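Listed here are the chains, written in short residue letters.
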Amino acid sequence: MKKDLISLADLSSSEIWDILNLAQELKEEWAAGGNIPRLVGKSLGMIFQKPSLRTRVSFEMAMKHLGGHALYLSPDEIQLGKRESVADVARVLSRYVDGIMARVFAHSDLEELARYSRVPVINGLSDYSHPCQALSDLFTILEKKGRLTGLKLAWVGDGNNVLHSLLFGCSKVGMDIVAATPEGYEPDGQVVEMAFAFARESSSTVELTNDPVAAVKGADVIYTDTWVSMGQEAEQKKRLEVFPPYQVNAALVSRARPDVIVMHCLPAHRGQEITDGVADGPHSVIFDQAENRMHVQKAILAILLGGR
Ligand code: CP
Ligand code: NVA
């Protein structure tokens, strides 16, 4: 049966580790001169309803390095659900390609693509989650800290799609996670409930707070993201008034562990959720995160498209 990657809630911790381990192997192989072409003759259709730098380029280069081909389908091209129903797009596209990656607004569109596609469907970000980002972030943390279990990640900012995937990912692998958000901007309640359940199994903790200073105390990782996600442009003015106390700046970073790493999925809005000093400072690993998208997605592609 085909496998999709729609939400990290669907993966076991051993499946997550399998991806991280293969990503490590593929990253080393790449550094040693290039990857074995595991996906010769395979192609990936990439549907975008929203803009992208990292997701588009890292998936495209991942396919190229593995000997396959990627097809970029812009927001104007398919017009998912407008020019044609989501189900029909899935039925047609999956007759041509070996895998589909989609970046959408409504998460239900991804689920519908997966339901009607004959080939694996990968979530390249929805309003609900961003699993490829969180898997790459776990990989980056592992690379920097040498372990995951027992570490503490402090999220500071909006309770958004990236946080949802980190809540699933951390609670599955046994990392403690605390999210400091303004009141009214907490992560989705169902996601939090699921993360609590996963954390009980992995003996880790999930906490919510409105206090960024309390959140970063003892943190090994501080993570932030934009205050205004794609699709929330109409709320921009209000959000820019609410969020400034949640800026990741030098004062906040000094309240964490001295060896804390600072993460951001990018794109960054410098001077808003993160200062230049922190983004370009000694704790920042934001560009390693961006690079690791490519290595981790190679592992995902090799596993799902059958080229490992
Ligand atoms: N982090 C991330 O997904 O970046 P893009 O929006 O540029 O793809
Ligand atoms: N939360 C952000 C992530 C961008 C990669 C957004 O959805 O716009």
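Residues numbered from 1 in each chain as written. Chains lettered and ligands numbered in written order. Predicted model: local features only at pLDDT ≥ 70, side-chain atom pairs only at ≥ 80, totals over all residues. Heavy atoms only, no water.

1. Notes on the overall build of the protein chain
Right, on to step 1. When helices and strands are tallied, the protein chain shows 13 helices and 9 strands.
Right, on to step 2. Looking at the protein chain as a whole, 57% of its 308 residues qualify as buried.
Right, on to step 3. Of all intrachain contacts in the protein chain linking residues separated by at least 6 positions in sequence, the fraction that spans at least 24 positions is 76%.
Right, on to step 4. Side chains of the protein chain carry 32 positive and 39 negative charges; the gap between the two charge centres is 3 Å. (Helix = DSSP H or I, 4+ residues; strand = E, 2+ residues; numbered from the N terminus. Buried < 20%, exposed > 50% of the residue type's maximum accessible area, 1.4 Å probe, protein only. Contact = heavy atoms within 4.5 Å. Lys, Arg positive; Asp, Glu negative; His and termini not counted. Charge placed at Lys NZ, Arg CZ, Asp CG, Glu CD.)

2. Some thoughts on the environment of Arg91
Right, on to step 1. With respect to the secondary-structure elements, Arg91 resides in helix H4 (residues 86-96).
Right, on to step 2. Overall, Arg91 belongs to the partly exposed group, its relative accessible area being 40%.
Right, on to step 3. Between the C-alpha atoms of Arg91 and Ala179, which are 88 residues apart in sequence, the distance is 39 Å.

3. Re the side chain of Lys172
Right, on to step 1. For Lys172, the location among the structural elements is in helix H7 (residues 161-173).
Right, on to step 2. The buried charged residue Lys172 lacks any salt bridge, with Glu201 as its nearest oppositely charged partner at 6.6 Å.
Right, on to step 3. Excluding residues within four positions of it along the chain, Lys172 makes contact with Leu8, Ala9, Leu11, Ser13, Ile16, Phe198 and Ser202. (Salt bridge = Lys/Arg side-chain N within 4 Å of Asp/Glu carboxyl O.)

4. Some remarks on the site of ligand 2
Right, on to step 1. In the vicinity of ligand 2, the contacting residues are Leu125, Asn160, Asn161, Val162, Asp225, Thr226, Ser229, Met230 and Leu266.
Right, on to step 2. Asp225 has a polar side-chain atom sitting 2.7 Å from a nitrogen atom of ligand 2.
Right, on to step 3. Within the side chain of Ser229, a nitrogen or oxygen atom sits 2.8 Å from a nitrogen atom of ligand 2.
Right, on to step 4. When ligand 2 is considered free in solution it has 270 Å² of accessible area, and contact with the protein chains removes 95% of it.
Right, on to step 5. When its residues are assigned to classes, the shell around ligand 2 shows 4 nonpolar, 4 polar and 1 charged. (Near = heavy atom within 4 Å. Polar contact = N/O pair within 3.5 Å; in protein donor to acceptor, adjacent residues only side chain to side chain. Areas by Shrake-Rupley, 256 points an atom, 1.4 Å probe, with all protein chains shown as cover. Nonpolar A, V, L, I, M, F, W, Y, C, P; charged D, E, K, R; others polar.)

5. Details of the sheet that holds strand S6 (residues 176-180)
Right, on to step 1. The 5 strands lie next to each other as S7-S6-S5-S8-S9, forming an open sheet whose pairing is parallel. At either margin of the open sheet sits one strand with a lone partner, and together these are strand S7 (206-209) and strand S9 (261-264). Averaged over all neighbouring strand pairs, the angle between strand axes comes to 20°, with direction disregarded.
Right, on to step 2. Where S6 meets S7, 4 bridges bridge the pair, whose relative direction is parallel. Directly across from Val178, in S7, lies its bridge partner Glu207.
Right, on to step 3. H7 rests against strand S5 (152-156), S6, S7 and strand S8 (221-224) of the sheet, and its axis sits at about 155° to S6. (Pairing = 2+ DSSP bridges. Axes fitted to C-alpha atoms, helices over the stretch in contact; angles between N-to-C directions.)

6. A look at the environment of Ile122
Right, on to step 1. With respect to the helices and strands, Ile122 occurs in strand S4 (residues 121-123).
Right, on to step 2. The exposure class assigned to Ile122 is buried, which follows from its relative accessible area of 1%.
Right, on to step 3. Setting aside its immediate chain neighbours within four residues, Ile122 contacts Leu5, Phe59, Ile100, Met101, Ala102, Leu110, Cys132, Ile300, Leu301 and Leu304.

7. Let's talk about the packing of helix H6 (residues 131-145) against H7
Right, on to step 1. Running from N to C, H6 and H7 cross one another at 45°; their axes reach a closest spacing of 8 Å. Taken together, the axes of H6 and H7 are oblique relative to one another. As for how H6 packs across H7, the hand of that crossing is right-handed. On the side of H6, the interface is formed by Pro131, Gln133, Ala134, Asp137 and Leu138, while H7 contributes Val162, Ser165, Leu166, Gly169 and Val173.
Right, on to step 2. Counted by class, the contact of H6 with H7 contains 6 nonpolar, 3 polar and 1 charged residues. (Parallel < 35°, antiparallel > 145°, perpendicular 65-115°, else oblique. Left-handed = near helix turned anticlockwise from the far one by under 90°.)

8. A word on H7
Right, on to step 1. Spanning 13 residues, H7 covers 19 Å between terminal C-alpha atoms, matching the ideal 18 Å at 1.5 Å per step.
Right, on to step 2. Across the 13 residues that make up H7, a large majority, 13, are buried.
Right, on to step 3. Two to three positions downstream of the cap, the backbone nitrogen of Val162 sits 3.1 Å from a side-chain oxygen, assigning the N-cap of H7 to Asn160.
Right, on to step 4. Backbone geometry just after H7 places Gly174 at a positive phi near 85°. (Expected span 1.5 Å × (residues − 1).)

9. Here we look at the packing of aromatic side chains
Right, on to step 1. By the definition in use, this model includes 6 aromatic pairs.
Right, on to step 2. Judged by centre distance (5.4 Å) and plane angle (45°), the ring pair of Phe48 and Tyr72 falls under tilted. With Phe48 in strand S1 (residues 43-48) and Tyr72 in strand S2 (residues 69-73), this residue pair connects regions lying 24 residues apart in the sequence.
Right, on to step 3. Their ring planes at 20° and their centres at 5.2 Å tell us that Trp155 and Tyr223 sit as a pair that is stacked. Of the two residues, Trp155 is situated in strand S5 and Tyr223 in strand S8; the sequence distance between them amounts to 68 residues.
Right, on to step 4. Among the residues examined, Trp155 registers a relative accessible area of 0% and is labelled buried.
Right, on to step 5. An aromatic cluster of at least three residues, connected via ring pairs, comprises Tyr185, Trp227, Phe243 and Tyr246.
Right, on to step 6. When the ring centre of Trp30 is taken as reference, the NZ or CZ atom of Lys298 above it lies at 4.3 Å. (Phe/Tyr/Trp six-rings, centres within 6.5 Å; stacked < 30°, edge-to-face > 60°. Lys NZ or Arg CZ within 6 Å of the ring centre and 35° of its normal.)

Read these as layout, nothing more, since geometry by itself doesn't imply function.
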